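Residues per chain, in single letters:
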Amino acid sequence: HDALPICENMLRVATLNVLYHPHSRLRERLPLMQAQARDLDVDVLALQEVDRAAGVDRSLGRAIEAATYRAVMDERTSFPRHWDACSLLSRRTAGSVTRHDVVSMPHHRVVQRILLRRARRDIAILNTHLHYPLDAAGESARLMQVRRILALVAEQPEETPTVIMGDLNGPPTEPYMHALNEAGFTSAYHVVHGRDPARTFPSGLVASACNATEPETIDFIMVRGCRVLSCDLAFDQPDPKDPTLFPSDHLGLVCDLEL
């Protein structure tokens, strides 16, 4: 992804579900994640499904010289302990983080928000991992969770540029997406390409923790109050020496915004 000229009214953001799982080849994947994160040169990176020991997100934070803001609300003692952990990595050059909120949602999920002071104004950046699976109960849960997210957004001044990123775990045809659209949010990828990606899951990673599945488009960057300059897939390149090794089982997204 080619770098754009540095400008205080522009922001580059990216999102990735990192798949922290004991049988996901994490040790092999981590250097690949770090290298591709550095290449993206993002201001803010949203991560989902990170480990409680903070090894994955903090190592990625060190790789891109970013501060790590973690969001973990549920203290379950049995697997999966990591699914409800999210992190936002914000580089010092991105601006000053003036606030970090973490809000619990149904089904052991959280949404986090940072307010980033940049270009003499605040930008709200949210990160979440919505409920799964793809059935009627999951669809209802995702809509309920998005309504909670929108209630958090409604607490901001209406003119605040806002970005919602994450693994939303449902296709763009679901009611949760209609709720986001009605609130003024649009898919950044759709703005640029006239459609959403053909898939963001699975990536092509081969590991015992990964089960074969039909292609799904479930990862998004949703924006309101800013202009989308570009949006593309990210973290989508396998290891040059191993075509079965990808940064994660998800593909990520990267987006350039004009505030």
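One numbering rule holds for all chains: residues counted from 1, following each sequence as written. Whole-chain, interface and lining totals are the exception, using all residues; otherwise, since this is a predicted model, local features are given only for residues with pLDDT of at least 70 and side-chain atom pairs are given and counted only at 80 or more. For side-chain calculations, the full set of non-hydrogen atoms in the structure is used, while hydrogens and water are omitted.

Draft legend 1. Main features of the environment of I164. With respect to the element layout, I164 can be found in strand β8 (residues 162-167). Whether two residues touch is decided by their heavy atoms; if any such pair falls within 4.5 Å, the residues are in contact. Those residues in contact with I164 that sit more than four places away from it in its chain are L126, I149, L180, F185, F220, I221 and M222. Strands here mean DSSP runs of E at least two residues long; helices mean DSSP runs of H or I at least four residues long; both are numbered from the N terminus.

Draft legend 2. Highlighting helix α4 (residues 175-182). Considered for burial, the residues of α4 that qualify are Y176, M177, A179 and L180. Along the long axis of α4, the arc covered by the buried residues comes to 155°, so they all point the same way. Just past α4, the residue G184 takes up positive phi, approximately 100°. Exposure is judged per residue with a 1.4 Å probe applied to protein chains only, and the accessible area is read against the type maximum: over 50% gives exposed, under 20% gives buried, and values in between give partly exposed. The arc under discussion is defined with respect to the helix axis, by the directions toward the C-beta atoms.

Draft legend 3. Spotlight on the sheet that holds strand β2 (residues 44-48). In this scheme, strands are said to pair when DSSP sees at least two bridges between them. On the basis of which strands lie adjacent, the open sheet formed by 6 strands has the order β3-β4-β2-β1-β12-β11 and mixed pairing. What marks the edges here is a single partner per strand, and that holds for β3 (66-71) and β11 (227-234). Across the sheet, the mean angle from the axis of one strand to that of its neighbour is 15°, orientation sign disregarded. As paired strands, β2 and strand β4 (residues 86-91) are joined by 5 bridges and run antiparallel to one another. Following the sheet pairing, Q48 is matched in β4 by C86. Strand contacts of helix α2 (residues 55-64): β2, β3 and β4, with the helix running at about 160° to β3, the strand carrying the most contacts. To get an axis, a line is fitted to the C-alpha atoms, and for a helix only the part in contact is used. The angle between two axes follows their N-to-C directions and goes from 0 to 180 degrees.

Draft legend 4. Focus on the sheet that holds strand β5 (residues 96-105). Ordered by their spatial adjacency, 6 strands build an open sheet running β5-β6-β7-β8-β10-β9, and the pairing between neighbours is mixed. Looking at which strands have only one partner, the edges of the open sheet turn out to be β5 and β9 (186-187). When β9 meets strand β10 (residues 219-224), the two strands line up antiparallel, connected through 2 bridges. The partner of S187 across the bridge, within β10, is M222.

Draft legend 5. Examining the pattern of salt bridges more closely. In the sections that follow, a salt bridge refers to a side-chain nitrogen of Lys or Arg positioned within 4 Å of a carboxyl oxygen of Asp or Glu. In the structure shown here, the tally under the stated rule is 10 salt bridges. Note that R70 is salt-bridged to D57, the shortest N-O span being 2.6 Å. Of this pair, R70 sits in strand β3 while D57 sits in helix α2; the two residues are 13 residues apart in sequence, bridging distant segments of the chain. Each member of the pair, R70 as well as D57, is classed as buried. For E258, the salt bridge identified is with R227, shortest N-O distance 3.1 Å. Taken together, the positions of E258 in strand β12 (residues 252-258) and R227 in strand β11 put the pair 31 residues apart, joining distant regions of the chain. The exposure class of R227 is exposed, given its relative accessible area of 52%.

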